[in-house]
Amino acid sequence: MPLLAAISCALLAVYAGLLYAQQSLASPVLTIFAHWLRWSLFACALTILASNIFESERPIWLWLATGLLVWPLLETMYTWLAIRALSHSTLPLFPSFKINREGDAWPNQQRFISLRNWLREEKFQHVQSLKADLVDGQSLRVSVFNDAESHIRLQVMFLPQRAGSVSVCAVFSSLTQSGARLVTDNIYLPFGGFYPENWEVERRPWTRSTEALMCQHLKRLAGRPEHLVPFVDEPINDLNQQQRLIERTNTELGFLLPRSQHEEHGVLTWEGRYRVWKEAWLLSYFGIPRRY
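In this text the structure is predicted, and so the values were computed from the model without any measurement.

1. Description of the overall build of the protein chain
Here is step 1 of the chain: Summing up its helical and strand segments, the protein chain has eight helices and eight strands in all.
Here is step 2 of the chain: Expressed along its principal axes, the backbone C-alpha trace of the protein chain runs to roughly 70 × 45 × 40 Å.
Here is step 3 of the chain: In the protein chain, which comprises 292 residues, the share counted as buried stands at 45%.
Here is step 4 of the chain: Considering only residue pairs separated by 6 or more positions, the protein chain has 58% of its internal contacts joining residues 24 or more positions apart.
Here is step 5 of the chain: A total of about 16,200 Å² of accessible surface is found on the protein chain, and carbon and sulfur atoms cover 59% of it.

2. Remarks on the pairing of strand S3 (residues 139-146)
Here is step 1 of the chain: Of all eight residues that make up S3, eight are buried, and the element is covered over most of its length.
Here is step 2 of the chain: Every second residue of S3 is oriented toward a common face, with Ser-139, Arg-141, Ser-143 and Phe-145 on one face and Leu-140, Val-142, Val-144 and Asn-146 on the other, all of them buried.
Here is step 3 of the chain: Following strand S2 (residues 125-133), the chain reverses through five residues before pairing antiparallel with S3; Asp-136 in that reversal takes a positive phi of roughly 55 degrees.
Here is step 4 of the chain: Bridge analysis of S3 against strand S4 (residues 153-160) gives six bridges, and the strand direction is antiparallel. The partner of Asn-146 across the bridge, within S4, is Arg-153.
Here is step 5 of the chain: The hairpin turn running from S3 into S4, its antiparallel successor, is six residues long, and Ser-150 in that turn takes a positive phi close to 60 degrees.

3. Re the pattern of salt bridges
Once their charged atoms are close, side chains differing in charge can pair, the charge on each being opposite to the other.
Here is step 1 of the chain: One pass over the full model with this rule turns up 12 salt bridges.
Here is step 2 of the chain: The partner of Arg-203 in a salt bridge is Asp-185, with the nearest N and O atoms 3.8 Å apart. Taken together, the residues Arg-203 in strand S7 (residues 199-203) and Asp-185 in strand S6 (residues 181-185) connect sequence positions 18 residues apart.
Here is step 3 of the chain: A relative accessible area of 9% places Arg-203 in the buried class.
Here is step 4 of the chain: Of the charged contacts in the structure, one is a salt bridge between Arg-259 and Glu-247, with a shortest N-O distance of 2.7 Å.

4. Quick notes on the packing of helix H2 (residues 28-53) against helix H8 (residues 270-286)
Here is step 1 of the chain: Two elements in contact, H2 and H8, have axes separated by 6 Å at closest approach and are oriented at 90 degrees. The angle between the axes of H2 and H8 places the two elements in the roughly perpendicular class. Each of Ile-32, His-35, Trp-36 and Trp-39 in H2 lies in contact with H8, whose residues at this interface are Trp-281, Leu-283, Ser-284, Tyr-285 and Phe-286.
Here is step 2 of the chain: In the contact of H2 with H8, the residues fall into seven nonpolar, two polar and no charged.

5. A closer look at the layout of surface pockets
Once rolled over the atoms, a probe with the size of a water molecule shows which space is left empty.
Here is step 1 of the chain: The computed volume of the second largest pocket comes to approximately 380 Å³.
Here is step 2 of the chain: Around the second largest pocket, the lining comprises 18 residues; the ones closest to its centre are Arg-111, Val-168, Arg-208, Ser-209 and Thr-210.
Here is step 3 of the chain: Those elements giving two or more residues to the lining of the second largest pocket turn out to be helix H4 (110-121), strand S5 (166-176) and helix H5 (210-222).
Here is step 4 of the chain: When residues in the lining of the second largest pocket are grouped by element, the largest group, five residues, is from H4.
Here is step 5 of the chain: Looking at the lining of the second largest pocket residue by residue, the class counts come to nine nonpolar, six polar and three charged.

6. Some details on the packing of H2 against helix H3 (residues 60-88)
Here is step 1 of the chain: Relative orientation of the contacting elements H2 and H3 amounts to 130 degrees, with a least axis distance of 8 Å. Judged on the interaxial angle alone, H3 and H2 are oblique. With respect to the hand of their crossing, H2 and H3 are arranged in right-handed fashion. Counted together, Arg-38, Trp-39, Phe-42, Ala-43, Cys-44, Leu-46, Thr-47 and Ala-50 of H2 and Ile-60, Trp-63, Leu-64, Thr-66, Gly-67, Leu-68, Val-70, Trp-71, Pro-72, Leu-74 and Glu-75 of H3 form the full contact between these two elements.

Cut-offs used in this document
Residue indices begin from 1 for each chain and proceed along its sequence in written order. A pLDDT threshold of at least 70 governs which residues receive local features in this predicted model, and a stricter bar of 80 or more applies before side-chain atom pairs are shown or counted, although totals over entire chains, interfaces and linings include all residues. The side-chain quantities take in all heavy atoms of the structure and omit both hydrogens and water. Strands here mean DSSP runs of E at least two residues long; helices mean DSSP runs of H or I at least four residues long; both are numbered from the N terminus. Remark: exposure states derive from per-residue accessible area (1.4 Å probe, protein chains only) relative to the maximum for the residue type, with buried under 20%, exposed over 50%, and partly exposed in between. In this description, contact between two residues means that some pair of their heavy atoms is separated by no more than 4.5 Å. Areas reported here follow the Shrake-Rupley algorithm with a probe of radius 1.4 Å; residue values treat only the protein chains shown as occluding. Two strands are said to pair when DSSP picks up at least two bridges between them. Here a salt bridge means any side-chain nitrogen of Lys or Arg lying within 4 Å of a carboxyl oxygen belonging to Asp or Glu. To get an axis, fit a line to the C-alpha atoms, keeping to the stretch in contact for a helix; angles then go from 0 to 180 degrees between the N-to-C directions. Throughout, the term roughly parallel applies to angles under 35 degrees, roughly antiparallel to angles over 145, roughly perpendicular to angles from 65 to 115, and oblique to all others. Nonpolar residues are Ala, Val, Leu, Ile, Met, Phe, Trp, Tyr, Cys and Pro. Charged residues are Asp, Glu, Lys and Arg, and all others, Gly as well, are polar. Cavities and pockets were defined on a 1 Å grid built from protein atoms only: a cavity is a group of points that admits a 1.4 Å probe but offers it no way out, a pocket is an open group of points flanked by protein on both sides within 12 Å along at least five of seven lines, and a lining residue is one with an atom within 4 Å of any such point. Grid points are joined across faces, edges and corners, and a volume is the space filled by probe spheres set on the points. By definition, any crossing whose near helix is turned counterclockwise from its far helix by less than a right angle is left-handed, and any crossing with a clockwise turn is right-handed.

This is how it looks when you write it as structure tokens:
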């Protein structure tokens, strides 16, 4: 038992360090490790509690196994409640974007400044800065760039986090002559829904480097024989049209309820809630999205 207590203290110290680092880094990779540590800490705490306070005579390994099995059940209950709250909340799943004229499009932090410098080196041209209002005065900010030939459009998304921190995700998109839209992103939030039939989406939440993500997108483009079509629509029109198309697709396929039922039953169908829960679990512990 002293060994288990020492291990628990070490895990707790590492967990506290990850939480502290997250206040500034807001890294989804650190979040995954934090989830595993929290799971392990629960099992250790349950074992110590049962042995020392309740004076259980059952072997330590049995209590550890019990804790490892109970935690997923508790987290599943919490996640289902959170998804239900999301379904009935005023948070827009597919928000409408507007031009950002407030001068806060790009956070003034070194890691974001380095990203902006890299984009300039790669000859990406800034096209528009957009934002979408969420809840509690928070906004999703998006800066849109095109490459020199406008064959690749990059959306740099700044997602607000707790304690005022910001995480960044990148979305590379290209259009083909056949009408297909190729999308490569590193968004780590669960989606669970459906994309339009002519979209080919590859999500890589473990790839936090925008440069590495662009290399993956270029590999996908190199594997297609057809030519690319340049982007001609303004980003705000293109992005809002995408939002409406995805919402309509997911309503038709049974992921979302019709708008007339939102007030009474929420936004997500039961199948939609299950799909979100499944992807949330995979992303939280393995960083694996659903295959789209």
